[in-house]
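So you can see what is in the structure, the chains are spelled out below.
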Amino acid sequence: GIQVEQSPPDLILQEGANSTLRCNFSDSVNNLQWFHQNPWGQLINLFYIPSGTKQNGRLSATTVATERYSLLYISSSQTTDSGVYFCALRRTNAGKSTFGDGTTLTVKP
Amino acid sequence: GAVVSQHPSWVICKSGTSVKIECRSLDFQATTMFWYRQFPKQSLMLMATSNEGSKATYEQGVEKDKFLINHASLTLSTLTVTSAHPEDSSFYICSGLQTGFRQYFGPGTRLTVT
């Protein structure tokens, strides 16, 4: 199956700082999503980004499919950004997802 | 974005009893739903994939007789944990696959077996 590696595993920031989270994968994929799991366990869709760049407010993501990685940028971080960030990939659009181990982000006030 | 609900959000049951968890896609039809379990500080582990009107496909190592999955309609899938034991205590999360192939997650069900 696809191998997914996320880095760093843990990240601690002061409020207002910027960060970059990385997701490397071992095979070509048709579908890649980024999720934020909040402290209550809810997974929230951030981006559907099999390729290219997207922005949504303070967050943006870039996937370079040919080089098999995706990046999630968080700018001007806030305490509410704390939680675990997962990338999830699928080889085919209707297939099952493979999740990375996640990056745990802690934003301190 | 699309909304998936789960019920109950948490449940405590005695060892040996069965527990049913419901997963509903509220504003879209989910031909495919996925069931995951998550242990503390770990990633999501896929248990099974269910397609409406057909039998679920279980991942290796997941007991299909213990974790019964029914996907009776395009908006409802259920997971029944039969004869639950303390080691089944976990966070169970369902997900619906929306047309356009984006995955949306329910809020999860925290199961504690005493």
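Residues numbered from 1 in each chain as written. Chains lettered and ligands numbered in written order. Predicted model: local features only at pLDDT ≥ 70, side-chain atom pairs only at ≥ 80, totals over all residues. Heavy atoms only, no water.

## Comments concerning the interface of chain B and chain A
Let me state the cut-off plainly: Residue contacts follow a heavy-atom distance rule, with two residues in contact if any of their heavy atoms lie within 4.5 Å. By buried area we mean the combined loss of accessible area, with a 1.4 Å probe, across both parts when two parts are placed together. One speaks of a salt bridge when a side-chain nitrogen belonging to Lys or Arg is within 4 Å of a carboxyl oxygen belonging to Asp or Glu. Polar contact is defined as a pair of N or O atoms within 3.5 Å, subject to the rule that within protein one atom must be able to donate a hydrogen and the other to accept it, and that residues adjacent in sequence are counted only when both atoms are side-chain atoms. Runs of H or I in DSSP of at least four residues are treated as helices and runs of E of at least two as strands, each being numbered from the N terminus. Under the grouping applied here, Gly and all other residues not named as nonpolar or charged are polar, the nonpolar ones being Ala, Val, Leu, Ile, Met, Phe, Trp, Tyr, Cys and Pro and the charged ones Asp, Glu, Lys and Arg.
Contacts between chain B and chain A engage 21 residues on the former and 21 residues on the latter. A combined buried area of about 1,600 Å² lies between chain B and chain A, and 53% of that area is made up of carbon and sulfur atoms. Between B:Glu59 and A:Lys96 there is a salt bridge, and its shortest N-O distance comes to 2.9 Å. Taken together, the connections running from chain B to chain A amount to seven residue pairs in polar contact (both at pLDDT 80 or more). Contributions of two or more residues to the side of chain B that touches chain A are made by β4 (32–38), β5 (45–51), β9 (90–98) and β10 (102–105) of chain B. Here the side of chain B that touches chain A takes four residues from β10(B), the largest share from any one element. Partitioned by chemical class, the residues of the side of chain B that touches chain A number 11 nonpolar, seven polar and three charged.

## Thoughts on the nonpolar core
Just so we agree on the cut-off: As used in this record, nonpolar core signifies buried Ala, Val, Leu, Ile, Met, Phe, Trp, Tyr and Cys residues forming a set joined through side-chain atoms within 4.5 Å. Exposed residues in this analysis have more than 50% of their type's maximum accessible area, buried residues have under 20%, and partly exposed residues fall in between, with area computed by a 1.4 Å probe over protein chains only.
Judged by nonpolar contacts, the single largest core of 25 residues is most densely connected at B:Trp35, B:Phe67, B:Leu79, B:Tyr92 and B:Leu111. Of all the elements in the fold, those that place two or more residues in this core are β2 (10–13), β3 (19–25), β4, β5, β7 (67–73), β8 (76–81), β9 and β11 (109–113) of chain B. It is β3(B) that provides the largest number of residues to this core, a total of three residues. Formed by 21 residues, the second largest nonpolar core is a distinct cluster that contains A:Val4, A:Phe47, A:Ile74 and A:Tyr85.

## With respect to the pattern of salt bridges
Residue and element names in this part refer to chain A. Tallied over the entire structure, the rule returns five salt bridges over all chains. For Arg 91, the salt bridge goes to Asp 27, with nearest N and O atoms at 2.8 Å. With a gap of 64 residues between them, Arg 91 in the loop between β9 (83–90) and β10 (98–99) and Asp 27 in the loop between β3 (19–25) and β4 (31–37) connect regions that are remote in the sequence. In this structure, Asp 81 engages Arg 58 in a salt bridge whose closest nitrogen and oxygen atoms are separated by 2.9 Å. Pair noted here: Asp 81 is in the loop between β8 (69–74) and β9 and Arg 58 is in the loop between β6 (52–56) and β7 (59–64), with a separation of 23 residues, a long-range link.

## As for the packing of aromatic side chains
To be explicit about the condition: Pairs were defined over the aromatic rings of Phe, Tyr and Trp, the Trp ring being its six-membered one, requiring ring centres within 6.5 Å. Orientation was assigned from the angle between planes: stacked under 30 degrees, edge-to-face over 60, tilted for the rest. Our definition puts a charge over a ring when NZ of Lys or CZ of Arg is within 6 Å of the ring centre and also within 35 degrees of the ring normal.
What the rule picks out here adds up to nine aromatic pairs over all chains. Plain terms: the ring middles of A:Phe35 and A:Phe99 are 6.0 Å apart, the flat faces sit at 25° to each other, and that makes the pair stacked. Taken together, the residues span a long stretch of sequence, with A:Phe35 in strand β4 and A:Phe99 in strand β10 at a distance of 64 residues. Centroid distance A:Phe99 to B:Tyr36: 5.6 Å. Interplanar angle 75°. Geometry classified as edge-to-face. With A:Phe99 in strand β10 and B:Tyr36 in strand β4, this pair bridges two chains. Here A:Phe99 matches B:Tyr36 in class, with each residue buried. Every member of this aromatic cluster is reached through a ring pair, and the members are A:Phe35, A:Phe86, A:Phe99, B:Phe34, B:Tyr36 and B:Phe105. Sitting over the face of the ring of A:Tyr69, A:Arg22 holds its NZ or CZ atom 4.3 Å from the ring centroid. The ring of B:Phe91 is capped by B:Arg110, whose NZ or CZ atom sits 4.2 Å from the centre of that ring.

## Observations concerning the sheet that holds β3(A)
Residue and element names in this part refer to chain A. To keep it simple, the criterion reads: Strands qualify as paired when DSSP identifies two bridges or more between them. The angle between two axes is taken between their N-to-C directions and runs from 0 to 180 degrees, where each axis is a line fitted to C-alpha atoms and a helix contributes only its stretch in contact.
The five strands are arranged β1-β3-β8-β7-β6 in an open sheet whose pairing can be described as antiparallel. Pairing within the sheet leaves two strands with one partner each, and these edge strands are β1 (4–7) and β6. Strand-to-strand twist in this sheet, taken as the mean axis angle between neighbours without regard to direction, amounts to 15°. Where β7 meets β8, six bridges bridge the pair, whose relative direction is antiparallel. Bridged to Leu 59 within β8 is Ile 74.

## Thoughts on the environment of A:Lys96
One can find A:Lys96 in the loop between β9 and β10. When the C-alpha atoms of A:Lys96 and A:Asn45 are compared, they prove to be 16 Å apart, with 51 residues separating the residues in sequence. If sequence neighbours within four positions are ignored, A:Lys96 has contacts with A:Leu89, A:Arg90, B:Phe34, B:Leu46, B:Thr49 and B:Glu59. Among the polar contacts listed, one links the side chain of A:Lys96 to the side chain of B:Glu59, at a separation of 2.9 Å.

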